[in-house]
Amino acid sequence: MEKNQVLQNPGNRFLEAWKRNPLVSTGVVLILMVIIQTGIMIYNFGSGSIGELMLSLLTNWLNILRNNAPVGIIALGMTFAIISGGIDLSVGSTLVAVGAVVMAVVDGSATGLLTSMGITGVPAYLIAIVVGVLFGAALGWLNGVLIAHGKLPPFIATLGTMQIFRSVTQQLTQHANPSVPKGFLQIANLKIGSFYIMPIVYWLLLAVALYIVSKRTTFGRHVYAIGSNVRTARLSGINVNKVKRRIYMLTGMLVALAAIIQVSRIGSMDYASAGSGYEMDAIAAVIVGGTSMAGGKGSIVGTVLGMLIIGVMNNLLTLFGVPPFLREACKGVIVIVAVLLQKKEADA
Amino acid sequence: MTLEMRGICKSFGANDVLKQVDFSLKGGEICALLGENGAGKSTLMNILGGVLPADRGEILIDGSPVHFHTPADSLHAGVAFIHQELSLINDLAIYENMYIGRELKTKSGLLDARTMIQNTQEVFDRLSLSLDPRAMVRDLDASYKQIVEISRAMMMQASLIIMDEPTTSLTDPEIERVFDMMRMLKQQGVAIIFISHKLKEVMEICDRYTVLRDGNMVAAGPVSEVTTEDLARFMVGHDVRTENLRQSRELGPEILRGEHLEDETHFHDVSFAVRAGEVLGVTGLLGDGRSELFQAVFGAGPYKGQLWMEGQEVKVTTTPQAIKLGIGYVPRNRKENGIIKDMDIVENGSMVTLPRLVKGAFLDLARRDAEFEQQVQNLHIKMGKKSDLITSLSGGNQQKVVLAKWLSAHPKVLILDNPTQGVDVGAKEEIYDIILRLASEGVAVVVLSSEAQEIIRVCDRALVMYHGTIQGEVSGADMNEQTIMHLATGSVTANQTEE
């Protein structure tokens, strides 16, 4: 009886859904933020035609999406790591390491690796992409081996490799001065219509693919099983070490794709600062998206929404004219508030 | 001091756990409190320890009535309860553990380590212990941890100590060390209540015994007047008869054989074999090593020795390998090892067979659901939607889902570890039916259980383990509670059972 009454009342039904599914609260927060953002933009717009208003809203949105695409792609991998009960702090450093390798391979100057072998143009770009992704996978594999076989806590293992990857990259590239060929820049800068949307396309395609991986493949389900109860997972015949290795390899490959997009967008990379803080931004997106740090619960959809919340909020801060020093504080507040709104499991 | 408990009654809801129980004890005496699981031992001791209130009855200490409302009350009256799971903190020094919660401080408010160490040393001296109060508890072996707990009780001037199965996790020399300590306390006039399943130990260390069965005190007296057989009979009762459900079945070829299996801590030189269509029981009391043994067979733990699967020698090191060989393992402690609480029913039920359910690159969810639906019908699993969380089911139905995930893998040998733990009576019978049906389909079944009745009901024959070794094998008329209890309490040495 009581249950029926609850279901009949739409308000209660909403509360029920809110409690049951963390995506509901994440979605509501995002919608509210978008409404505020749109309101401000309309208010600020002044005079102009409806078409001009629409164009400015669209441009603003594409900017948000494009700016957050690289971290958004990394956050997809981070989602798998966190659902499995782990974490990957090395993503920012993996990004520069892969970036350096890609640039060395694709270098268009006479001393460039492929150029000196006479390979240029599209074949060179493809080789650079493949090498970059494989290298990212190798670095991720190293994390995975340390965690699965070395039994290191993921936090410690990837804290270590975070420092190693960036430092070694800086040492090896101090005299390098690669120039990225124009063609390679097309990967991220190809215009569709009059918009630069390639990074957004890559992000969304990867999100869809990884959503399917998380829901419809053995690997995806094993990630959840390991994060929720590693003992049961092992006793159900799951090769826990193999799954863990694959999780960090996947993250490494996604970071590599983000690195390729970064390199091709800007045409260069500052190895000292590029990607720094990405691990925290990615973790924030995953957490705001309702994935549990304790493992076992979370979703790719949530992470995409979480990334959008952070992106829209950054945009709002600009619109409100919040001073730059206070922006990080606002980011911190949104993470805390978003998680406060999510339903918590009662303490045991 | 003298203790008298008179006419103690306690019920939980409609369940009478203690019915007019009398219990008494004098200083300088060690009294064994015996009984099967659920006989009411813990409830009685929790009442004495101030953890639970009695419904009726009275407790007298030195002739005057006392009322314990909290553990602190009973401690104040000199009753110390040493629980089976020790309450020491590994990462603190011994003296810090001795004073935890009531640390001594200097005038400036800092910890007075010197006095605490000194006082601890005094207690150790009085008990002739050569322990350094500053040693870390982590570095002590299990017997010394037990001894530190006892010392703590002594420091709080306890005159009666309750020890709940203190020897369960100890090796023989360690047990001897704890017994020496108990004899020393006895000489100093301390009364000890010794809860144990190990009858040989009872004979060795105790002066008197009290046996509880189904909440009644059924026997009490001096230990010198009884044998271990008597005690085992008192615990089980005469009237318990359980009919064996096994039908005569054609046994197939040998499926699984282990020889001289050994992991150096939990099990030693164990050999066994099980044939197709056979239900082999393995039983014993807590700490007998049977779970560790069969987890090792399943690739979830280390072992030395030889293992044969269908006549082929194999070395099992991982669980996926065990599954490929046709070994299945339904673990004990469903919550920790059996279910994945964040996942729904059908996912839990298909966790083992997932790799087989792939079509192309993706999971064939339709086939997964169909196969699970089949199991739901075969096993009579009662549930709402199959996409509900596994935790929405009752214990019995959760266990059936765990069974389902193994049955759909079609193992050649299925090991079931405490398969009816936390399951109600009806579901229990259904699980027995499933076990027998599997055997009649030619699966080799190994049932691990601490309940002798369960073993008797479903098994063709049973191995009884004690402290990691096989004490004997029982079958036919020998497979009764008394014989099993007798073997499981280590009252018989292995060569005595050879005929």
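Residues numbered from 1 in each chain as written. Chains lettered and ligands numbered in written order. Predicted model: local features only at pLDDT ≥ 70, side-chain atom pairs only at ≥ 80, totals over all residues. Heavy atoms only, no water.

**Comments concerning the domain arrangement of chain B**
Residues and elements named next belong to chain B.
1) Next: Each domain of chain B was delimited in the assignment, giving domain 1 (2-236) and domain 2 (254-497).
2) Next: Look at where the C-alpha atoms of domain 1 and domain 2 centre, and you get two points 35 Å apart.
3) Next: In this assembly, domain 1 packs against domain 2 so that about 1300 Å² is buried in total across both faces, 61% of it on carbon and sulfur atoms.
4) Next: Looking only at domain 1, the three residues that lose the most surface to domain 2 are K198, K200 and V236, adding up to 32% of its buried area. (Domains from an automatic or database assignment. Buried area = accessible area lost by both parts, 1.4 Å probe.)

**Observations regarding the interface of chain A and chain B**
1) Next: Each partner contributes residues to the interface: chain A has 23 residues there, and chain B has 28 residues.
2) Next: Taken together, the two surfaces of chain A and chain B that pack against each other cover about 2000 Å², and 57% of this comes from carbon and sulfur.
3) Next: For chain A, the biggest contributors to the area lost against chain B are R216, R221 and L235 of chain A; these three give 31% of the whole.
4) Next: For R221 of chain A, the salt bridge goes to E347 of chain B, with nearest N and O atoms at 2.4 Å.
5) Next: At the junction of chain A with chain B, the criterion picks out 14 residue pairs in polar contact (both at pLDDT 80 or more).
6) Next: Among the elements of the structure, helix 10 (198-216), helix 11 (218-228) and helix 12 (230-235) of chain A are those that each provide at least two residues to the side of chain A that touches chain B.
7) Next: The greatest single-element share of the side of chain A that touches chain B, amounting to six residues, is contributed by helix 11 of chain A. (Contact = heavy atoms within 4.5 Å. Salt bridge = Lys/Arg side-chain N within 4 Å of Asp/Glu carboxyl O. Polar contact = N/O pair within 3.5 Å; in protein donor to acceptor, adjacent residues only side chain to side chain. Helix = DSSP H or I, 4+ residues; strand = E, 2+ residues; numbered from the N terminus.)

**Quick notes on the sheet that holds strand 12 (residues 270-275) of chain B**
Working definition: the strands of a sheet are paired by backbone hydrogen bonds and lie parallel or antiparallel to each other.
Residue and element names in this part refer to chain B.
1) Next: Within the open sheet, the four strands sit side by side as 12-11-14-15. Their pairing is antiparallel. Looking at strand neighbours, the two that pair on one side only are strand 12 and strand 15 (312-314), the edges of this open sheet. For this sheet, the mean angle separating the axes of adjacent strands, direction not counted, is 15°.
2) Next: Here strand 14 (residues 304-309) pairs with strand 15 via three bridges, running antiparallel. Paired with W308 across the bridge in strand 15 is E313. (Pairing = 2+ DSSP bridges. Axes fitted to C-alpha atoms, helices over the stretch in contact; angles between N-to-C directions.)

**Overview of the state of the cysteines**
1) Next: By the definition in use, this model includes zero disulfides over all chains.
2) Next: A disulfide-free cysteine, C31 of chain B has its sulfur positioned 7.1 Å from the sulfur of C206 of chain B, the nearest such atom. (Disulfide = S-S within 2.5 Å.)

**Considering the nonpolar core**
1) Next: Counting residues in each nonpolar core, the largest one holds 95 residues, and the members touching the most others are L76, F184 and W203 of chain A.
2) Next: A total of 14 residues in this core trace back to one element, the largest contributor, which is helix 4 (residues 50-83) of chain A.
3) Next: Apart from the residues within four sequence positions on either side, L76 of chain A is in contact with W203, L206, A207, L210, L254, I300, T303 and V304 of chain A.
4) Next: Among the nonpolar cores identified, the runner-up in size contains 75 residues, and A322, I345, L403 and V474 of chain B belong to it. (Core = buried A, V, L, I, M, F, W, Y, C linked by side-chain atoms within 4.5 Å. Buried < 20%, exposed > 50% of the residue type's maximum accessible area, 1.4 Å probe, protein only.)

**Points about the confidence of the model for chain B**
All names here are of chain B.
1) Next: For chain B, the mean per-residue pLDDT works out to 88, and 96% of the residues sit at or above 70.
2) Next: Every residue in residues 494-499 scores below 50 in pLDDT, and together they form six contacts with partners more than four places removed in sequence or on other chains.
3) Next: Reported confidence for the predicted complex is 0.80 by ipTM and 0.79 by pTM. (pLDDT = per-residue confidence, 0-100.)

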